[in-house]
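One-letter residues, chain by chain:
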Amino acid sequence: MSKLKTLLLATAASAVALTGAFAQERGRDGEVKIIYWQAPSILNPYLSGGTKDIESASMVVEPLARFNQDGELVPYLVDSIPTLENGGITADNKTVTWKITDGIKWSDGTPFTSADVAFTAEYCRHPEGGCAQSAKFDGIDKIETPDPLTVIIKYSEPKYVPYSAFVGGQSPIIQKAQFQECLGAKAPECTDANFGPIGTGPFVVTSFKPNDVITMKANENYREAGKPAFATVTFKGGGSAEASGRAVMETGEFDYGWNLQLAPSVIQEMAKGGKGTPISAFGTLIERIEMNMTDPSPSLPEGERATAKHPHPILSDEKVRRALSMAIDRPLLVEIGYGQAGRPACNLVNAPIAYKSDNTGCLVQDIEGAKKLLDEAGWAPGGDGIREKDGKKLKLSYQTSTNAVRQDFQAIIKQNWKDIGVDTELRNLSGSVFFGGDPASPDTFQKFYADVEMYANNFDGTDPEQYLTQYTCDKAPRPETGWQGENINRYCSAEYDKLAVELGRTGDPAKRQALAKKMNDMLTKDSMTIVPLVDRGRVSAHANSLGGVVLNTWDSELWNVADWHRKK
Amino acid sequence: MLTYTIRRLLLAIPTLLFISFVIFAVIKLSPSDPTANLPLTIPPEVREKIRESLGFNEPFIVQFFLWLKQLVVTEPKVWMNNAFGTEFEIGQRMISYQTRSPVLDLIVQRIPQTLWVVGTSYVVGVLIAVPIGIISAYKQYSVFDQIGTFIAMIGFSVPTFFTGVLMILFFSVNLGWFPSIYDTTHVVEDWSSFLFQVKQMIMPTMVLALFNAAQISRYMRSSMLDNLTQDYVRTARAKGLTEKTVVLVHVLRNSMIPVVTVIALNLPSVFGGALITEQVFQVNGLGQLLILAIQGGDVPTVQTVTVIFAVLIVLFNLIADVLYGVLDPRIRYD
Amino acid sequence: MAEPTASGETLVNVSDLKMHFPIYKGLFRRKVGDVKAVDGLSFDIRRGETLGLVGESGCGKSTTGRAVLRLYDPTHGTVSFEGTDVAHLSLEELRKIRPRMQMIFQDPQACLNPRMTVGAIIAEPLIEHESMSKEEREDRVVDLLNAVGLNPAYINRYPHEFSGGQRQRIGIARALALDPDFIVCDEPIAALDVSIQAQVVNLLEDLQKERGLTYLFISHDLSMVRHIADRVAVMYLGKIMELAPRETLFSDPQHPYTKALLSAVPVADPKIEATRERTILKGDVPSPSNPPAGCVFCTRCPIAEKKCFTVAPEWRELNPDQFVACHLA
């Protein structure tokens, strides 16, 4: 009898010991299933640029540092973030030194060195490679690697915020040994490498079916012991946001569903399924209306239409633009279109908080004020309720891309504007045409052959400099630039251009923030050239049993996938 | 028959060349941009570089002939090298804009899913449709026929994205019987994995089978009706044959002639996959490949997949014609 | 001209045979009425004779033929074949009696299965009903082809490879395969060229003599019926108007409809033809779904009286062997 007891006790003890050991073991939680309704096409983010590709690759390849959920830089493959204070950045702001953490290995077991970092820049900066992230490396003069753990980046001009190259999901380090034969025009020939890059991240690709599914397993050489908790990953792509939401929250087939762009009511209904939880976070994405400062009239000759040569006959008047902004019911737009994933916005740069201007004037709809402004501007109510001036009707064309929420917005805003006597003609275009840069197409957002147009834009990382400098006079799309350019509304102000130059020369954070706020205000509340509508957050969902998820809009959503685990 | 087939095949070459040219022209003339779906954070200069590296800005004719050369010269060489270990010099393979990988590899990768699911649904559809068509016609206006007509009407007119989602809501969300998302990585190696494969195929297969069956059962029914009133059927009855022999041997065999051709003519649509159904259940087959390629402005992929469909359509038209000759002794090609 | 070979023994007795086809209409396909294709026929066919059945198109001749062979299920009445009621036999019993009653169809193309060879068509009933070896069967098929005057070398050809007359011969060979007693000839020559018609009719007559066949010969061609039939029945709108031996009917018709029909037959002598008096019937044949009350012929009858419009005439034997359905005959 006592023998049996001893045996039982021994078994129990060893079972306890085993579970204890499991808690520390890599791959202890089996499989995690992730679904993205846009299917990854390639796992080399330098050859794609698509969010789905960057984020799926972020489980495998890593940058030197990432942004966390609060937009703060976190060292990943380095000991610390270089700053002026710690001497990582020289006083002239031209040299940045990154110190790689000792002992990091690629998933194939070879050491991760500064040569790989330098090679990554070489790969992306190759003129024939068509690298989608080459802008991240702008301004770099040369990269020195005095020893295997030191990377010294030398800029030709002072770089005050040098956190774009090798930082964030868009700019991970790829292995030199794997990609050195794939430079320039040869890049697409390296299919195996592009579909299965060797990385330092928590997972290793086992199979990749482009535009369909990726399977991964835990990286045995991952630098942190006991991570990742999952042994394998199935990363399914395709379908619709609705199907993803259903699979996570209703049927429980998947553990994580990305970017559920669905009506708020639909998400709520799905959450009742009880298998998963929607989560949301905000970043820098702003849905906005841009006012065309040039005349898009078809009566103008091609080449002059929608160029600075002909100011817009109606929208050149600041009062009209302001009235249009005042008439919009932003809280209603949020309620209908985004729910918990949106909030009304008046700023172009609404985050990070340090750069956010104190601008809340647009949050409350003001129909009477708008009417008064139009009266002042000389637009008198006409017989049919539409205002007129000099025999001309106040009628605007309003275009955007085809998307259910955007068409709802168009309808609401059309009604808002009708209430102040403005007639609106709505138009929507397929996203691939509208956002496609085909200079021969009259329907691109750059050509802007309409009076106002609506779309969303954001910036990578936490510094808005590049984002704000898009609105300088020389960046306006026009025939001479092949209709390329980011200053979509053709805003042109000498003062703004001066501020943009100054921002590029300012290193002091407080001054930079003040400048950015000033520039933001010039575009929004001062001139009403850009009329922000909604600060668009991200809604994703995770299974209730999945722990460790921290939604991050400043970097890849899967930035901390190494910490994900199964809740017991 | 052989000379006829060869003549038809030869005639198909100029037809297909013309079709490919037209498809290419249509794709290139429509406004599309491989960088359209990239985040706006990527600046225009970079986009231009990307387009250049893809050869998107080359003159139209150059692009077309490069594509043609890659399809009929380069890719067969690659195939020969893989299959027979030959060592032909291979130039630049046909590269998809989206994945930067060879288009033909993508297509080959997609075929199993499509054949498994869409092909099975076609077979199931035919297996359902033929008996329903026979019974409906034999018992015209009976309750069975009325129900059959009703179901066929539903299968025909209710879109698969509706029936598909309905099935998902019922069988996946409410009952939890079948997965709502198809697992293309699943490998059948034993009994239980086979069962899983069956389970995940049931819904997409049935949705498509319903649609196919609706169509074919109507053809079957009307063809049977045409034949049931023929004198030779009376002859067969007068011969004192059993009803079974009369219907299944005499009537059915004659009624199958037009139905078999319809089945053959519709077969290319199996390869086209059911675009929508693949999307609903995430059976990422050829149809989904095509849709994503269209959305992504991936000209080589769209072009190649469409031209392969065109080839299949031409081929199955020929097969249908030849089958007609085989099945119906009244028709001879000489 | 055939000698009267009838033995007098009744082979087929048809009694009050009705064949109504329902009409469905409307959203729910409710039955709204009947097409009374055959509406109460009674007649005998004697062993060895040829009974001619004549009438206009649509009067129900072919339906009668098919109903007699139970190719349709009759709505009412009996068809007794040697005392067995064919109209009410179970399908299995019926199948067993089928070999004894056959049919030759009007359209020799349509009645042959296009996907079967001539040999297969003729042999099929043999497989079904006789236990023969393959060789025996082939011999039988060759015999039959010879009997109908076809080259046995054609045994593996398909029906579409033959001319109309040849196809009709195939149809006849097929009908003869099981050595039947009774054959319904449903306008067997109507679709053939005139030059071929005589050949086929002569073939039918020869076969009748050789094999002692009984024919129900359906035709709209009075002169052909006069040539081949022993007795003739005249049909109008689903009913028999008059039934009499051939000579009697053609020389002394009693029913006004028979008279009108006969007056329309041209005579070969131009002198008589010039003086021939024709009775032209006025109006159209009424719809068989809504036949007139009383005598079905009353709407077009040149001598109709009041009674004819209300009371259906009785089927009576006016003279020995001559039956008429007319109040005024």
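Residues numbered from 1 in each chain as written. Chains lettered and ligands numbered in written order. Predicted model: local features only at pLDDT ≥ 70, side-chain atom pairs only at ≥ 80, totals over all residues. Heavy atoms only, no water.

## Considerations on the overall build of chain B
Inference 1: Along the backbone of chain B there are 13 helices and 0 strands.
Inference 2: Taken from the N to the C terminus, the helices and strands of chain B come in the order α-α-α-α-α-α-α-α-α-α-α-α-α.
Inference 3: In chain B, which comprises 334 residues, the proportion classed as buried is 54%.
Inference 4: Once local pairs closer than 6 in sequence are excluded, the contacts in chain B between residues at least 24 apart make up 69%.
Inference 5: Carbon together with sulfur atoms contributes 71% to the accessible area of chain B, which is approximately 15,200 Å² in total. (Helix = DSSP H or I, 4+ residues; strand = E, 2+ residues; numbered from the N terminus. Buried < 20%, exposed > 50% of the residue type's maximum accessible area, 1.4 Å probe, protein only. Contact = heavy atoms within 4.5 Å. Areas by Shrake-Rupley, 256 points an atom, 1.4 Å probe, with all protein chains shown as cover.)

## Regarding the overall build of chain C
Inference 1: Helices and strands together make up the secondary structure of chain C, namely 10 helices and 12 strands.
Inference 2: Computed over its C-alpha atoms, the radius of gyration of chain C comes to 21 Å, within 12% of the 20 Å expected for a compact globule of 329 residues.
Inference 3: Once the C-alpha set of chain C is aligned to its principal axes, its extents read approximately 70 × 60 × 40 Å.
Inference 4: Burial statistics for chain C: of 329 residues in total, 51% are counted as buried.
Inference 5: Within chain C, contacts between residues separated by at least 24 positions form 63% of all contacts whose residues are at least 6 apart in sequence.
Inference 6: Across chain C, 38 positive and 44 negative side-chain charges occur, with their mean positions spaced 7 Å apart. (Rg over C-alpha atoms; globule rule 2.2 N^0.38 Å. Lys, Arg positive; Asp, Glu negative; His and termini not counted. Charge placed at Lys NZ, Arg CZ, Asp CG, Glu CD.)

## Comments concerning helix H7 (residues 191-228) of chain B
Inference 1: Its 38 residues give H7(B) an end-to-end C-alpha distance of only 45 Å, which falls more than 12% under 56 Å, the value for a rise of 1.5 Å per residue.
Inference 2: Along H7(B), the sharpest change in direction is near 40 degrees and occurs at B:Ile202; proline B:Pro204 comes one to four residues later. (Expected span 1.5 Å × (residues − 1). Bend = angle between axes of the 7 residues up to and from the residue.)

## Here's the deal with the pattern of salt bridges
Inference 1: Applying the stated criterion across every chain yields a total of 53 salt bridges over all chains.
Inference 2: The residue A:Arg343 makes a salt bridge to A:Asp535 at a minimum N-O spacing of 3.1 Å. Here A:Arg343, found in strand S12 (residues 342-344), pairs with A:Asp535, found in strand S19 (residues 530-543); they are 192 residues apart in sequence, far enough to count as distant.
Inference 3: Residue A:Asp535 is classed as buried on the basis of its relative accessible area, which comes to 0%.
Inference 4: Several salt bridges converge on common partners, so that one network encompasses C:Glu9, C:Arg47, C:Glu82, C:Arg100 and C:Asp181. (Salt bridge = Lys/Arg side-chain N within 4 Å of Asp/Glu carboxyl O.)

## A few points about the sheet that holds strand S3 (residues 50-55) of chain C
All names here are of chain C.
Inference 1: What the 8 strands build is an open sheet, ordered S6-S7-S8-S3-S9-S10-S12-S11; its pairing is mixed. The outermost strands of the open sheet, each flanked by one partner alone, are strand S6 (101-104) and strand S11 (316-319). Mean inter-strand twist for the sheet, computed between neighbouring axes without regard to direction, equals 20 degrees.
Inference 2: Bridge analysis of S6 against strand S7 (residues 182-186) gives 4 bridges, and the strand direction is parallel. Bridged to Met 101 within S7 is Phe 182.
Inference 3: Against the sheet, helix H1 (residues 61-68) contacts S3, S6, S7, strand S8 (214-219) and strand S9 (231-236), and its axis sits at roughly 155 degrees relative to S8. (Pairing = 2+ DSSP bridges. Axes fitted to C-alpha atoms, helices over the stretch in contact; angles between N-to-C directions.)

## Brief notes about the domain arrangement of chain B
All names here are of chain B.
Inference 1: The domains assigned to chain B are domain 1 (35-94) and domain 2 (107-327).
Inference 2: Look at where the C-alpha atoms of domain 1 and domain 2 centre, and you get two points 35 Å apart.
Inference 3: Listed per partner, the contact involves 6 residues of domain 1 and 7 residues of domain 2.
Inference 4: Interface area, domain 1 with domain 2, both sides summed: about 470 Å², of which 67% is carbon and sulfur.
Inference 5: Among the residues domain 1 hides against domain 2, the three largest losses belong to Asn 37, Trp 67 and Met 94. Together they make up 67% of the total.
Inference 6: Seen at the junction of domain 1 and domain 2, the total is 0 salt bridges.
Inference 7: Seen at the junction of domain 1 and domain 2, the total is 1 residue pair in polar contact (both at pLDDT 80 or more).
Inference 8: Class assignment of the residues belonging to the side of domain 1 that touches domain 2 gives a composition of 5 nonpolar, 1 polar and no charged. (Domains from an automatic or database assignment. Buried area = accessible area lost by both parts, 1.4 Å probe. Polar contact = N/O pair within 3.5 Å; in protein donor to acceptor, adjacent residues only side chain to side chain. Nonpolar A, V, L, I, M, F, W, Y, C, P; charged D, E, K, R; others polar.)

## Thoughts on the sheet that holds strand S4 (residues 95-99) of chain A
To summarise the sheet geometry, strands pair through backbone hydrogen bonds and adopt either a parallel or an antiparallel arrangement.
Residues and elements named next belong to chain A.
Inference 1: What the 3 strands build is an open sheet, ordered S4-S6-S5; its pairing is antiparallel. At either end of the open sheet lies a strand with only one pairing partner, and these are S4 and strand S5 (140-144). Going across the sheet, the axis of each strand differs from the next one's by a mean of 15 degrees, ignoring polarity.
Inference 2: Sheet topology note: the S5/strand S6 (residues 150-155) ladder contains 4 bridges and is antiparallel.

## Quick look at the state of the cysteines
Inference 1: A complete count under the given rule lists 4 disulfides over all chains for this structure.
Inference 2: Across the disulfide, A:Cys124 is cross-linked to A:Cys131 (sulfur-sulfur distance 1.9 Å). Between A:Cys124 and A:Cys131, the S-S torsion sits near -80 degrees, and that sign places the bridge as left-handed. The same class applies to A:Cys124 and to A:Cys131, which are both buried.
Inference 3: Each sulfur of the disulfide joining A:Cys182 and A:Cys190 lies 1.9 Å from the other. Handedness of the A:Cys182-A:Cys190 disulfide follows from its S-S torsion of about -100 degrees: it is left-handed.
Inference 4: Its sulfur unpaired, C:Cys111 is 12 Å from the next cysteine sulfur, which belongs to C:Cys185.
Inference 5: What makes C:Cys111 buried here is its relative accessible area of 2%.
Inference 6: A disulfide-free cysteine, C:Cys295 has its sulfur positioned 5.9 Å from the sulfur of C:Cys298, the nearest such atom. (Disulfide = S-S within 2.5 Å.)

## Some words on a nonpolar patch on the surface
Residues and elements named next belong to chain B.
Inference 1: Judged by side-chain polarity, Val 143, Ile 147, Phe 150, Ile 151, Met 153, Ile 154 and Leu 210 come together as a nonpolar surface patch covering roughly 640 Å² of accessible area.
Inference 2: In terms of residue count, the dominant contributor to the nonpolar patch is helix H5 (residues 143-157) (6 residues).
Inference 3: If you trace the backbone, Met 153 turns up in helix H5. (Patch = residues over 30% accessible without salt bridge, like charges linked within 9 Å, V, L, I, M, F, W, Y side chains within 5 Å.)

## Considerations on the interface of chain B and chain A
Inference 1: At the junction of the two partners, chain B supplies 46 residues and chain A supplies 59 residues.
Inference 2: For the pair chain B and chain A, the two sides together bury roughly 4,100 Å², of which 55% comes from carbon and sulfur.
Inference 3: Looking at the side of chain B facing chain A, the largest losses of area belong to B:Leu40, B:Thr41 and B:Arg100, adding up to 17% of the total buried there.
Inference 4: Counting every contact that joins chain B to chain A gives 0 salt bridges.
Inference 5: Our count for the contact surface shared by chain B and chain A stands at 13 residue pairs in polar contact (both at pLDDT 80 or more).

## Description of the side chain of A:Gln446
All names here are of chain A.
Inference 1: Topologically, Gln 446 is positioned in the loop between helix H12 (431-434) and strand S18 (452-457).
Inference 2: The exposure class assigned to Gln 446 is buried, which follows from its relative accessible area of 6%.
Inference 3: Beyond its immediate chain neighbours, meaning those up to four positions away, Gln 446 contacts Phe 434, Gly 436, Gly 437, Pro 477, Trp 483, Gln 484, Gly 485, Ile 488 and Arg 490.

## Quick word on the interface of chain C and chain B
Inference 1: With 26 residues of chain C at the contact, the number on the chain B side is 21 residues.
Inference 2: Roughly 2,400 Å² of surface becomes buried between chain C and chain B when both sides are summed, with 55% attributable to carbon and sulfur atoms.
Inference 3: Among the residues chain C hides against chain B, the three largest losses belong to C:Pro114, C:Arg115 and C:Glu124. Together they make up 27% of the total.
Inference 4: Taken together, the connections running from chain C to chain B amount to 2 salt bridges.
Inference 5: Taking the shortest distance from any N to any O, the salt bridge between B:Lys239 and C:Glu124 comes out at 3.0 Å.
Inference 6: For the interface between chain C and chain B, the tally reads 15 residue pairs in polar contact (both at pLDDT 80 or more).
Inference 7: Broken down by secondary-structure element, the contributors of at least two residues to the side of chain C that touches chain B are S6 and helix H3 (118-129) of chain C.
Inference 8: Looking at the side of chain C that touches chain B element by element, the count peaks at 5 residues for H3(C).
Inference 9: Its residues placed into classes, the side of chain C that touches chain B shows 13 nonpolar, 4 polar and 9 charged.

## Examining the pairing of S3(C)
All names here are of chain C.
Inference 1: With 6 of 6 residues buried, S3 lies mostly within the body of the structure.
Inference 2: Of the two faces of S3, both are covered, the one formed by Thr 50, Gly 52 and Val 54 as well as the one formed by Leu 51, Leu 53 and Gly 55.
Inference 3: Inspection of the sheet shows S3 paired to S8 by 5 bridges, in the parallel sense. Looking across to S8, one finds that Leu 51 is bridged to Leu 216.
Inference 4: The sheet contact formed by S3 and S9 spans 5 bridges and is parallel. Counterpart to Val 54 in the pairing with S9 is Val 234.

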